[in-house]
Amino acid sequence: MIPINLRISGFLSYNQPVEVDFQPFELACITGANGAGKSSLLDALTWVLFGEARRKDDSIINHQSKA
């Protein structure tokens, strides 16, 4: 399966909505500083494709109350 587009919100370090468009890439390298969200991005992809990520509990979802 080839991902085309990924929207993340409330998942691990991605509290605010983020959208990643993979269509312009044939090959990509994910780089960045520690804590930038690289692993969270990969966890989001595996969550969407396979229904699980590295963590096996509900701590991967950020439940924020809307006040």
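In what follows, the structure referred to is the one given above.
Described below are features of the structure shown in this document.

## Let's talk about the overall build of the chain
Here is step 1: Looking only at helices and strands, the chain features one helix and two strands.
Here is step 2: In the chain, the order of α-helices and β-strands from amino to carboxyl end is β-β-α.
Here is step 3: Taking all 67 residues of the chain together, 24% fall into the buried category.
Here is step 4: If you take every contact in the chain between residues at least 6 apart in sequence, the share linking residues at least 24 apart comes to 43%.
Here is step 5: If you sum the accessible surface of the chain, you get close to 5,500 Å²; carbon and sulfur atoms cover 54% of it.

## Side note on a nonpolar patch on the surface
Here is step 1: A surface patch of nonpolar side chains, about 610 Å² in accessible area, is lined by Met 1, Trp 47, Val 48, Leu 49 and Phe 50.
Here is step 2: Mapped onto the fold, Phe 50 is located in helix 1 (residues 38–50).

## Concerning the environment of Tyr 14
Here is step 1: In this structure, Tyr 14 sits in the loop between strand 1 (5–8) and strand 2 (18–21).
Here is step 2: Given the relative accessible area of 15%, Tyr 14 is considered buried.
Here is step 3: Among residues more than four places away in sequence, those in contact with Tyr 14 are Ile 8, Ser 9, Ala 36, Gly 37, Ser 40 and Leu 41.
Here is step 4: A distance of 3.1 Å separates a polar side-chain atom of Tyr 14 from the backbone oxygen of Gly 37.

What counts as what
- Residues numbered from 1 in each chain as written.
- Predicted model: local features only at pLDDT ≥ 70, side-chain atom pairs only at ≥ 80, totals over all residues.
- Heavy atoms only, no water.
- Helix = DSSP H or I, 4+ residues; strand = E, 2+ residues; numbered from the N terminus.
- Buried < 20%, exposed > 50% of the residue type's maximum accessible area, 1.4 Å probe, protein only.
- Contact = heavy atoms within 4.5 Å.
- Areas by Shrake-Rupley, 256 points an atom, 1.4 Å probe, with all protein chains shown as cover.
- Patch = residues over 30% accessible without salt bridge, like charges linked within 9 Å, V, L, I, M, F, W, Y side chains within 5 Å.
- Salt bridge = Lys/Arg side-chain N within 4 Å of Asp/Glu carboxyl O.
- Polar contact = N/O pair within 3.5 Å; in protein donor to acceptor, adjacent residues only side chain to side chain.

Scope: geometric values only; no functional claims are made or implied.
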